[in-house]
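Given next are the chains, with one letter for each unit.
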Amino acid sequence: MELRRKDLLGIADLLPEEIQLILDTAASLKEVSTRPIKKVPTLRGRTVVTLFYEPSTRTRMSFEIAAKRLGFNKERRQLRTDLFVPPAKGGEQLILL
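Everything numeric in this text was worked out from a predicted model, so none of it was measured. (Residues numbered from 1 in each chain as written. Predicted model: local features only at pLDDT ≥ 70, side-chain atom pairs only at ≥ 80, totals over all residues. Heavy atoms only, no water.)

So, on to the overall build of the protein chain. Broken down by element type, the protein chain carries two helices and two strands. From first element to last, N terminus to C terminus, the protein chain shows the α and β order α-β-α-β. Looking at the 97 residues of the protein chain, the share that counts as buried comes to 11%. Taking the intrachain contacts of the protein chain between residues at least 6 apart in sequence as the baseline, contacts between residues at least 24 apart amount to 48%. Looking at the protein chain as shown, the accessible area adds up to about 8400 Å², and 57% of this sits on carbon and sulfur atoms. (Helix = DSSP H or I, 4+ residues; strand = E, 2+ residues; numbered from the N terminus. Buried < 20%, exposed > 50% of the residue type's maximum accessible area, 1.4 Å probe, protein only. Contact = heavy atoms within 4.5 Å. Areas by Shrake-Rupley, 256 points an atom, 1.4 Å probe, with all protein chains shown as cover.)

Printed below as a string of structure tokens:
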């Protein structure tokens, strides 16, 4: 069984089997947190790059810990704030040079 979509924004549209899959996955990951080495080989050798447009230490750390436990190599880059320009309608815009 796999989830029918890659993004999970709520559970109202999930099938009972999908909810059970999420709960089973969470239980197995909880077991990993009791190990001396809190990693799984799922994504060993892959790299995840986190990019935050605004400072958010709690969110950044949560993502970094999750990536580490899944076996990712982690890279974090600090963006230069002079690359941001105020967009016409709220939010942020990144200009790639």
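Resuming the write-up.
Here we come to a nonpolar patch on the surface. A cluster of nonpolar side chains, Leu8, Ile11, Ile19 and Leu23, forms an exposed patch at the surface whose accessible area comes to about 370 Å². With respect to the helices and strands, the residue leucine 23 is situated in helix H1 (residues 16-32). (Patch = residues over 30% accessible without salt bridge, like charges linked within 9 Å, V, L, I, M, F, W, Y side chains within 5 Å. Salt bridge = Lys/Arg side-chain N within 4 Å of Asp/Glu carboxyl O.)

End to end, helix H2 (residues 57-69) covers 18 Å across 13 residues, agreeing with the expected 18 Å (1.5 Å per residue, within 8%). Burial in H2 covers these residues: Arg60, Glu64 and Ala67. The arc that holds the buried residues of H2, viewed along the axis, is 65°, so those residues lie on one side. Backbone geometry just after H2 places glycine 71 at a positive phi near 95°. (Expected span 1.5 Å × (residues − 1). Arc of directions from axis to C-beta.)

Predicted coordinates in regions of low pLDDT should not be interpreted in detail. Mean pLDDT over the protein chain works out to 75, with 70% of the residues at or above the 70 mark. H1 holds the highest mean pLDDT among the elements of the protein chain, 90, whereas strand E2 (residues 73-76) holds the lowest, 66. In this model residues 92-97 is a low-confidence stretch, pLDDT under 50, and it forms 14 contacts with partners more than four residues away in sequence or in other chains. (pLDDT = per-residue confidence, 0-100.)

We now examine the environment of glutamine 20. Looking at where glutamine 20 falls in the secondary structure, it is placed in helix H1. A C-alpha to C-alpha distance of 9.8 Å links glutamine 20 and methionine 1, two positions 19 residues apart in sequence.

Tracing the backbone through its elements, the reader meets glutamate 18 in helix H1. In contact with glutamate 18, other than residues within four places in its own chain, are Met1, Glu2, Leu3, Arg4 and Asp13.

With that settled, the discussion passes to the environment of isoleucine 22. Looking at the secondary structure, you find isoleucine 22 in helix H1. Relative accessible area serves as the criterion here: at 29%, isoleucine 22 is assigned to the partly exposed category. Other than its neighbours up to four places away in sequence, isoleucine 22 contacts Leu3, Leu8 and Leu14.

We now examine the pattern of salt bridges. Overall, the coordinates contain two salt bridges when judged by the stated rule. Between glutamate 18 and arginine 4 there is a salt bridge whose closest N-O contact spans 3.1 Å. Taken together, the positions of glutamate 18 in helix H1 and arginine 4 in the segment before H1 put the pair 14 residues apart, joining distant regions of the chain. Its relative accessible area of 1% is what places glutamate 18 among the buried residues.

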